[in-house]
Structure formats: C-alpha cells, structure tokens
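As a plain string of letters, each chain reads:
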Amino acid sequence: MRLQGKTAIITGAGSGIGEASAKIFTAEGAHVAVVDRDVEGGTRVAQEVGGPAFFLCADVASPGDMEAMARTVAERFGRIDILFNNAGVSCVGALHETSEQEWDRVMTVNAKGVFLASRCVVPMMIAQRSGNIINMASGASIMGLAQRAAYSASKGAVYALTRAMQADYCRYGIRVNALVPGTIYTPFVEGYLRRHYADNIEKAAEDLKKRQLSGTLGTPEDVGYAALYLASDEAKFVYGSALVVDGGFSAGKIFD
Ligand SMILES: NC(=O)c1ccc[n+]([C@@H]2O[C@H](COP(=O)([O-])OP(=O)(O)OC[C@H]3O[C@@H](n4cnc5c(N)ncnc54)[C@H](O)[C@@H]3O)[C@@H](O)[C@H]2O)c1
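### Some points on the site of the ligand
Phase 1: Contacts to the ligand come from 29 residues, most closely from Ser15, Asp36, Tyr151, Ile184 and Thr186.
Phase 2: A distance of 2.8 Å separates a nitrogen atom of the ligand from a polar side-chain atom of Asp59.
Phase 3: Measuring from an oxygen atom of the ligand, one finds a side-chain N or O atom of Lys155 at 2.9 Å.
Phase 4: For the ligand, whose accessible area on its own is 830 Å², the fraction buried by protein is 93%.
Phase 5: The cavity where the ligand resides is the largest pocket.
Phase 6: Mapped by element, the contributors of at least two residues to the shell around the ligand are helix 1 (16-27), helix 6 (149-169) and helix 7 (187-196).
Phase 7: Ranked by residue count, the leading element in the shell around the ligand is helix 7, at three residues.

Shown next as structure tokens:
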C-alpha cells in the first residue's frame, strides 16, 4: 500500500499506460480520478478499477475542463496529492510534411495540456505544502526520432517544463518528474502500426522490438510501475528527473 490514502488525478486514464497506472495506483491504496475525453474508455476503466475511483470526462486542451477537473477532485477527495499528466496524442511526419493544424493539435494536447492541468492543480498543492506531479515525456524528448517532428517538439517541451516546474515548486514540497518511455505496446502504438504498416503489421512490430536492447516492446504496466515509484515516498529524494523506461532503446545499439 505505497499510496495509502493519497488522491491522484491521472489524465488519459481511459486506455494504455494511464489505464494500467489507474489500476496500479488503486491497488496501492490511492483514490484515483480517471480523467479522459473518451467517455467509453474512461467509464470502463473507472468501473474496472472500482473502489473510490471515478471517471471524469475532460479534455486536457480545454482550460474550462481543467478548472472543473481540479475543482471536482478537490471537492470529492478534499485534497490532491498526485497529478499524472499522461494524456497524449501522436503525429507522424517530418517537419515539412506536418500541417500547421497537426502541429497545433499535438502541441496543444501534449504540451499545453500539461500546462493547463498543472496550472489548475498546483495552487492546491501549494496550499497543502505537498504534491507530486508526473509528466509524460517520451524517448522523443531526448533523442532525434525520424518522422516525429511535432511529437518530438511537444515531448521536448514537456521534459523542459518538468525541470522548470521543479525549480519553481520545490520550496512548496512538490516534486515534479518526467517519465521517458520507449515503445510501449498500447492502442497508441497499435493504431500507428495499423495506419502505417497495414500490409505487414507483424514485421513492423518485430522491427520495433529490435530497436530496444530488451528485444521486446514495453507493457503499460512497465510504465505504470515506474509512475508508482515516482508517486510514492520511496522517491522522496527524486526531484526534476526523467525516468527512462525504454528496454534500453536510448542506452545503446547492437551491431550484429
Ligand atoms: N505507447 C508508447 O509507446 C509511448 C511511448 C512514449 C510516450 N508515450 C506517451 O504516453 C502517454 C500515454 O500513451 P498510451 O500509449 O497509453 O496511449 P493511448 O492512446 O493508449 O492512451 C492515451 C489516452 O489519452 C486520452 N487522450 C488523448 N487526448 C486527450 C485529451 N486531449 N484530453 C484527455 N484525454 C486525452 C485518449 O483518449 C486515451 O485514452 C502519451 O502521452 C504518449 O505520448 C507513449
């Protein structure tokens, strides 16, 4: 029970890594607000999680939704201990192939969404003199990945923002850390494979596995347990860090 009695908001918890994290956090004693703009996924996850968890339909790109989210959770649980800014969208393409609309969509959800959600929750954490924020970055935050111009820019912003937030909020007992996953097999990656490699999904999945020293793709739980660590008091000395969970993708390459 590493999160006994803690309250947590997890955005994008209706699927993938957010879903796994909602289940892990709840199993460790947390009261979780399952936040997602997808009503079907969010409702399903909140039901499966059970206990005090509840679904809150909200778009992280909407300032009004984020204000309502912070207000609702504060009213319901009385405090907000953990904010996991996990919601995100993907975008494939080199810079010259990326439309302005796509750029804005990805930057708005992935980067501005972290700003909007945190801006609404931080005042309560400051008042509490404690809090824990986990921002979802990506391998694309720290490495150049082909065909990921807008996505990389958005996740690079999340990585930089994490450290800036930590510098501002350490004095209030708030820790802010980032997660840096490699390729994790979720609907996010499944959709990408289906859209771009419809003729040979299995081969494409094998190629992705070969990029990671582990030779496997990560699972949502692999990242959920890393989030649990950052959210727990075991990580009380971990400030402004980027925890890499990537099966060795960024560590090195094997040349056979
Ligand atoms: N899967 C990977 O390989 C991988 C690798 C690195 C980083 N990430 C990041 O992890 C996070 C979760 O990814 P996942 O693989 O679990 O994806 P996923 O698609 O399975 O889940 C993402 C969830 O976020 C929700 N969402 C999207 N936009 C939203 C918005 N504007 N407001 C509220 N909810 C929104 C979706 O409805 C969905 O339920 C993302 O930020 C992603 O960029 C994923």
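### Thoughts on the sheet that holds strand 7 (residues 242-245)
Phase 1: The sheet built from seven strands is open, its strands ordered 3-2-1-4-5-6-7 with parallel pairing. Whereas interior strands pair on both sides, the edge strands pair on one side only; in this sheet they are strand 3 (54-57) and strand 7. Taking the axes of each pair of neighbouring strands and ignoring which way they run, one obtains an average angle of 20 degrees across the sheet.
Phase 2: Along the sheet face, helix 1 touches strand 1 (7-11), strand 2 (31-36), strand 4 (82-85) and strand 5 (131-136) and points at about 170 degrees away from the line of strand 1.
Phase 3: Packed on one face of the sheet, helix 9 (residues 220-231) meets strand 4, strand 5, strand 6 (174-181) and strand 7 and runs near 165 degrees to strand 6.

### Side note on the pairing of strand 6
Phase 1: Within strand 6, eight of the eight residues are buried, which leaves the element mostly enclosed by the surrounding structure.
Phase 2: Both faces of strand 6 are covered, namely the face carrying Ile174, Val176, Ala178 and Val180 and the face carrying Arg175, Asn177, Leu179 and Pro181.
Phase 3: Bridge count for strand 5 against strand 6 is six bridges, and the pairing is parallel. In the strand pairing of strand 6, Ile134 is matched with Asn177.
Phase 4: In this sheet, strand 7 lies alongside strand 6 in parallel orientation, the contact comprising four bridges. Bridged to Leu179 within strand 7 is Leu243.

### Some thoughts on helix 6
Phase 1: Taking 1.5 Å per residue, 21 residues should reach 30 Å; helix 6 reaches 30 Å between its end C-alpha atoms and fits that length.
Phase 2: All of the buried residues in helix 6 are Ala150, Tyr151, Ser152, Ser154, Lys155, Val158, Thr162, Met165 and Gln166.
Phase 3: Check the buried side of helix 6 and you find it contacts helix 4 (100-128), strand 5, helix 5 (139-142), strand 6 and helix 7.

### Things to note about the packing of aromatic side chains
Phase 1: Taken as a whole and judged by the stated rule, the model has three aromatic pairs.
Phase 2: Arranged with centres 5.6 Å apart and planes meeting at 70 degrees, the rings of Phe54 and Phe77 form a pair that is edge-to-face. With a gap of 23 residues between them, Phe54 in strand 3 and Phe77 in helix 3 (residues 63-77) connect regions that are remote in the sequence. The same class applies to Phe54 as to Phe77, namely buried.
Phase 3: Look at Tyr192 and Tyr197: their rings are 5.9 Å apart centre to centre, the planes differ by 75 degrees, and that puts the pair in the edge-to-face class.
Phase 4: Sitting over the face of the ring of Phe54, Arg76 holds its NZ or CZ atom 3.9 Å from the ring centroid.
Phase 5: Note that Arg163 overlies the ring of Tyr159, its terminal NZ or CZ placed 4.1 Å from the centroid.

### A closer look at the side chain of Asp36
Phase 1: Checked against the element boundaries, Asp36 lands in strand 2.
Phase 2: Within the local environment of Asp36, its side chain forms a polar contact with the backbone nitrogen of Ala13, the two atoms lying 3.4 Å apart.
Phase 3: Within the local environment of Asp36, its side chain forms a polar contact with the backbone nitrogen of Asp38, the two atoms lying 2.9 Å apart.

Analysis parameters
Residues numbered from 1 in each chain as written. Predicted model: local features only at pLDDT ≥ 70, side-chain atom pairs only at ≥ 80, totals over all residues. Heavy atoms only, no water. Near = heavy atom within 4 Å. Polar contact = N/O pair within 3.5 Å; in protein donor to acceptor, adjacent residues only side chain to side chain. Areas by Shrake-Rupley, 256 points an atom, 1.4 Å probe, with all protein chains shown as cover. 1 Å grid on protein atoms, 1.4 Å probe; cavity = no way out; pocket = protein on both sides within 12 Å on 5 of 7 lines; lining within 4 Å. Sits in = over half its atoms within 2 Å of the grid points. Helix = DSSP H or I, 4+ residues; strand = E, 2+ residues; numbered from the N terminus. Pairing = 2+ DSSP bridges. Axes fitted to C-alpha atoms, helices over the stretch in contact; angles between N-to-C directions. Contact = heavy atoms within 4.5 Å. Buried < 20%, exposed > 50% of the residue type's maximum accessible area, 1.4 Å probe, protein only. Expected span 1.5 Å × (residues − 1). Phe/Tyr/Trp six-rings, centres within 6.5 Å; stacked < 30°, edge-to-face > 60°. Lys NZ or Arg CZ within 6 Å of the ring centre and 35° of its normal.

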